[in-house]
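# Coordinates in review
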Amino acid sequence: DKLITGSTDHTAAVWSVETGERLQLLKGHNGSIGCLAVCPAGDKLITGSADNTAAVWSVETGERLQLLKGHDGSIECLAVCPAGDKLITG
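This report concerns the structure included in the present document. Worth saying up front: this structure is predicted, and the values here are computed from it rather than measured.

Calculation notes
- Sequence positions are assigned chain by chain, starting from 1 and proceeding in written order.
- Predicted model: local features are reported for residues with pLDDT of at least 70 only, side-chain atom pairs are reported and counted for 80 or more only, and whole-chain, interface and lining totals are derived from all residues.
- In computing side-chain properties, one takes all heavy atoms of the structure into account and sets aside hydrogens as well as water.
- Any two strands with at least two DSSP-identified bridges between them are counted as paired.
- Note on conventions: DSSP H or I runs of at least 4 residues are helices, E runs of at least 2 residues are strands, and numbering of each starts at the N terminus.
- Between the N-to-C directions of two axes lies an angle of 0 to 180 degrees, each axis being a line fitted to C-alpha atoms and, for a helix, fitted only over the stretch in contact.
- Salt bridge criterion: a side-chain nitrogen from Lys or Arg within 4 Å of a carboxyl oxygen from Asp or Glu.
- Only protein chains enter the area calculation, which uses a 1.4 Å probe; residues under 20% of their type maximum are buried, those over 50% are exposed, and those in between are partly exposed.

So, on to the sheet that holds strand E6 (residues 54–58). Reading across the sheet, the four strands line up as E4-E5-E6-E7 and stay open at both edges, with antiparallel pairing between neighbours. Across the chains shown, the open sheet's two edge strands, defined by having one partner strand only, are strand E4 (33–38) and strand E7 (64–68). Each adjacent strand pair in this sheet contributes to an overall mean axis angle of 20 degrees, direction not counted. As paired elements, E4 and strand E5 (residues 44–49) share five bridges and run antiparallel to each other. Looking at E5, one finds that Cys-35 is bridged to Gly-48.

A complete count under the given rule lists three salt bridges for this structure. For Lys-2, the salt bridge identified is with Glu-60, shortest N-O distance 2.5 Å. With Lys-2 in strand E1 (residues 2–6) and Glu-60 in the loop between E6 and E7, this residue pair connects regions lying 58 residues apart in the sequence. Classification of Lys-2 as partly exposed rests on a relative accessible area of 40%. For Lys-44, the salt bridge identified is with Asp-43, shortest N-O distance 3.5 Å. The class for Asp-43 is partly exposed, based on a relative accessible area of 37%.

Geometric descriptors of this kind do not, in isolation, establish any biological role.
The following block contains the structure:
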């Protein structure tokens with residue numbers, strides 16, 4: 001089992017619930033991370049940031065897979081549809 005956190009230091013982290021060890025440190029935002037969502041399959045994480053972007057990450061590798069630009073303000077909420085094929089940001 002994994003725990004995922006977002007922070008005002010512009011990073012997100014993936015932790016092992018069992019050991020407390022940090023498994024991945026996700027760097028790439030230029031603002032605080034205020035919201036997180038995990039895809040239903042559990043393989044991808046989406047972060048929303050005060051830098052007006054959302055990012056899609058690999059939970060296993062920590063690699064940023066995509067940066068979503070175009071918002072005029074901070075992203076304060078995220079949702080992934082149950083089928084995993086749509087992302088909603090606000």
